[in-house]
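Understanding the architecture of this molecule
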Number of protein chains: 2
Amino acid sequence: MVSSRGVRHDSMRARNLAVVLATIDRSGPHTRAALAERTGLTKTTVSSLVADLLEAGVVTESGAVRGGERGRPGVAVSMSGHRVAALGLEINIDYLAACVVDLTRAVRLRRVRPSRNRDSDPAEILEGLRDLVKEVAAEAEAEGLRLAGAALAVPGTVEDGVLRSAPHLGWRDVRVAGLVDLPVDAVSVKIDPFEIDNEANLAALGELWFGSREPDFLYVSGEIGIGAGLVVEGRVFRGTFGLAGELGHVVVVPDGPACRCGGRGCLEVYAGQDALLGELSSVGELVARLEAGDGRALEACEVAGHALGVALTSAVHLLDPGRIVLGGIFAPLYRWLERPVSEGLRARLAQMRGRPPALVVSATGGDAAVLGAAGLIVQQILAEPARLLGL
Amino acid sequence: MVSSRGVRHDSMRARNLAVVLATIDRSGPHTRAALAERTGLTKTTVSSLVADLLEAGVVTESGAVRGGERGRPGVAVSMSGHRVAALGLEINIDYLAACVVDLTRAVRLRRVRPSRNRDSDPAEILEGLRDLVKEVAAEAEAEGLRLAGAALAVPGTVEDGVLRSAPHLGWRDVRVAGLVDLPVDAVSVKIDPFEIDNEANLAALGELWFGSREPDFLYVSGEIGIGAGLVVEGRVFRGTFGLAGELGHVVVVPDGPACRCGGRGCLEVYAGQDALLGELSSVGELVARLEAGDGRALEACEVAGHALGVALTSAVHLLDPGRIVLGGIFAPLYRWLERPVSEGLRARLAQMRGRPPALVVSATGGDAAVLGAAGLIVQQILAEPARLLGL
């Protein structure tokens, strides 16, 4: 899309700050001379931009000496993990989680707190989240980290910063942003202090930044609900209203059992956590039964795997993902799901696609969404470092 | 995505040419003074940019006088329909088509030629296409139009300019680009002389630029095969390998009848042209039977509409389209499909989405793909007018 404004000097400086920072982030420490060569900017411009980035605390002079492309030694500039950091938060059906990630994407803190959130009062749960934030923020401050923003993962649909519907929480139209009193220095820190997004989208980003780092995949989030986040060239595809990726309600059997969504025969009816567990109380218990060769547990995985194969066939035809990553509770169950799912994909897709997309297990486990939330803020800082400087 | 290069002067000029041209294209004729106000560029810069655009033949001084925002009269600069034009081409299963569209998006020429392309020899069909191109190019030249590029719509999957697979044509891995000898002045015209894409994607763009002009929708192309093109904010979503939108092979009934794709119970089995027509020989004949109240014809539409409702439910959950546009043969059958399709969508989606996306009939009819092909070239010229000037 061509912008309707011409390029002018001030926006050029902001953009060039981002160009220099992206270069350091992607290809490691560089001297100022090497940065000039890589970006095509003059050395004087690069020096001035680096001075700004040092002031903002997003880069550091590592002291390490490294030859530029012309062989001259110099001080290397690298991403700083010492000052600016991002807060990731998650409300899920049976827990609250928080993590702090610095600009080198090192995970500095993680906290998970069990919480009975099913059919809950938002105000009460958000009070619990506020306590968790206070605790984590204090710990981050004690390590000298300044939280430049926070993002929250929720098990539901989000539109314009509002949690529209989280059926398992029993929440509708909850504006979470105003409720969490994030101790961010909002005057000097101009990054948006709060983002909220669907847990499957953020888990997909968690997988991208902290897991496999592959740029193209469909992340399948198996929880009580089943969601999916499609990443194409490193970006989440969100659809028109931000509601894309509702894999759990793809139709598997048109006249199948009723689903809580009002439809029939949706994937969730066959492969959601409730269907998989039956009368068992935890995924750990299911895994124990599977390892013991329990017939009912094996049959539940077979049914879920078959349904996943059908729904993912439709998803591959419509979304064209690079690969399929099974995450959430599907990760510990992967050993038993892998065969029925990949058999289904092969049988239905082989003729049209040569090879169906590879099926793999998530590398991030249960932390994907909360890590993705923090990573989203890191990404915003990288995209617009000028905002940290008030430009 | 932040580019790895800084912004420099020469790329700035190319970009500003596009900014000025986009402003004229979007909001009509403007004086140079008004263009300067709208774009934030200086009047001197705008005058020099307009001189280049006049030389390239993409704008014209209409002679019409119109006050700038400061009230000063001046010569209005508008898009030119007189010199530069784009060629749209289509190979479908039973016809070849061509059209010429000028930069004001006026359709200057259209030609459709019946052709038996099912299970055909590519070389033979492309020879026919070459004849059609020669004829149309000569007519365009006689009108003083210079073809700045061509795009071709094909009923199959395309990757890197190669038609990978068009099962109804019986074609595999055909490189069409080299076979059509397009009489484009390739030395002075630096626009890519040839683009090739899937007919559903191009039909979606045809609907965008020549039909409803809504920026967000899923275009459903009913032909012998069924495809879909998702448009989000005016852009086609293509997936990772350019294979997204294969709606025809979304699973409707997992153990349904075998489909030619190797799967079972795909949408095409229930709602493709062959399923709808049965023993009838044309869509016109089917419409006549439907109008006469023929039971078998009505039943075929009921089955197709039900299957479309199921497949589109899955598509809405995964793709999140703004609206659903039924095109191709579904347009003349819309009267009979509308009720079963929208009933299916409502029953399955109402609870999760409040209202399912609106279901509407295509405004472009059978011409959507060939118009979209020409429109794609117009869009390329608008995005990079500098290339016409050899910048």
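Residues numbered from 1 in each chain as written. Chains lettered and ligands numbered in written order. Predicted model: local features only at pLDDT ≥ 70, side-chain atom pairs only at ≥ 80, totals over all residues. Heavy atoms only, no water.

1. Concerning the pattern of salt bridges
- The final tally for this structure, using the stated rule, is 42 salt bridges over all chains.
- The closest approach of N and O atoms between B:R289 and B:E285, which form a salt bridge, is 4.0 Å. Pair noted here: B:R289 and B:E285 are both in helix 8 (residues 283–291), with a separation of 4 residues, about one helical turn.
- Exposure remark for B:E285: the relative accessible area of 29% places this residue in the partly exposed category.
- By sharing partners, the salt bridges in this structure join A:R111, A:R113, A:E135 and A:E139 into a single network. (Salt bridge = Lys/Arg side-chain N within 4 Å of Asp/Glu carboxyl O. Helix = DSSP H or I, 4+ residues; strand = E, 2+ residues; numbered from the N terminus. Buried < 20%, exposed > 50% of the residue type's maximum accessible area, 1.4 Å probe, protein only.)

2. What to know about the sheet that holds strand 8 (residues 162–166) of chain A
Residues and elements named next belong to chain A.
- An order of 7-8-9 is seen for the 3 strands of this open sheet, with the pairing classed as antiparallel. Because the sheet does not close on itself, it has two edges, and the strands there are strand 7 (157–159) and strand 9 (171–174). This sheet shows a mean twist of 20° between the axes of neighbouring strands, independent of strand direction.
- Both strand 8 and strand 9 contribute to a ladder of 3 bridges, which runs antiparallel. Its bridge partner lying in strand 9, A166 is registered against W171. (Pairing = 2+ DSSP bridges. Axes fitted to C-alpha atoms, helices over the stretch in contact; angles between N-to-C directions.)

3. As for the domain arrangement of chain A
Residue and element names in this part refer to chain A.
- Each assigned domain of chain A is listed with its residue range as follows: domain 1 (9–79), domain 2 (84–204 + 369–389) and domain 3 (212–363).
- Contacts between domain 1 and domain 2 engage 12 residues on the former and 12 residues on the latter.
- On the surface where domain 1 and domain 2 come into contact, there are 1 salt bridge.
- Among the ionic pairs, D25 bridges to R105, the shortest N-O distance being 3.1 Å.
- Our enumeration of links across domain 1 and domain 2 arrives at 1 residue pair in polar contact (both at pLDDT 80 or more). (Domains from an automatic or database assignment. Contact = heavy atoms within 4.5 Å. Polar contact = N/O pair within 3.5 Å; in protein donor to acceptor, adjacent residues only side chain to side chain.)

4. Quick look at the relation of the copies chain B and chain A
- The two copies are related by a screw operation: chain B maps onto chain A through 180° of rotation and 0.0 Å of translation along the axis, at an RMSD of 0.0 Å. Both copies are brought into coincidence by an operation consistent with a two-fold rotation axis. Closest to the rotation axis within chain B is the C-alpha of B:V253, separated from it by 3.0 Å. (Least-squares fit on C-alpha atoms with pLDDT ≥ 70 in both.)

5. A word on the interface of chain B and chain A
- Taken together, the contact pairs 63 residues of chain B with 63 residues of chain A.
- Between chain B and chain A lies a buried interface of about 5500 Å² when both sides are counted; carbon and sulfur atoms form 55% of it.
- For the interface between chain B and chain A, the tally reads 0 salt bridges.
- Summed over the shared surface of chain B and chain A, the result is 24 residue pairs in polar contact (both at pLDDT 80 or more).
- Elements that contribute at least two residues to the side of chain B that touches chain A include exactly helix 1 (9–27), helix 2 (32–39), strand 12 (226–232), strand 13 (235–237), helix 9 (295–319) and helix 10 (334–353) of chain B.
- When the residues that make up the side of chain B that touches chain A are grouped by side-chain class, the tally is 29 nonpolar, 18 polar and 16 charged. (Buried area = accessible area lost by both parts, 1.4 Å probe. Nonpolar A, V, L, I, M, F, W, Y, C, P; charged D, E, K, R; others polar.)

6. Let's talk about helix 10 of chain B
Residue and element names in this part refer to chain B.
- Across its 20 residues, helix 10 extends only 24 Å between first and last C-alpha, which sits more than 12% below the 28 Å expected from 1.5 Å per residue.
- The sharpest bend along helix 10 reaches about 40° and sits at A347.
- Restricting attention to buried positions, one finds in helix 10 the residues Y334, W336, L337, P340, V341, S342, G344, L345, R348, L349 and R353.
- Buried-residue contacts for helix 10 involve helix 8, helix 9, strand 14 (323–328) and strand 15 (358–361).
- Phi for G354, located one or two positions after helix 10, is positive at around 70°. (Expected span 1.5 Å × (residues − 1). Bend = angle between axes of the 7 residues up to and from the residue.)

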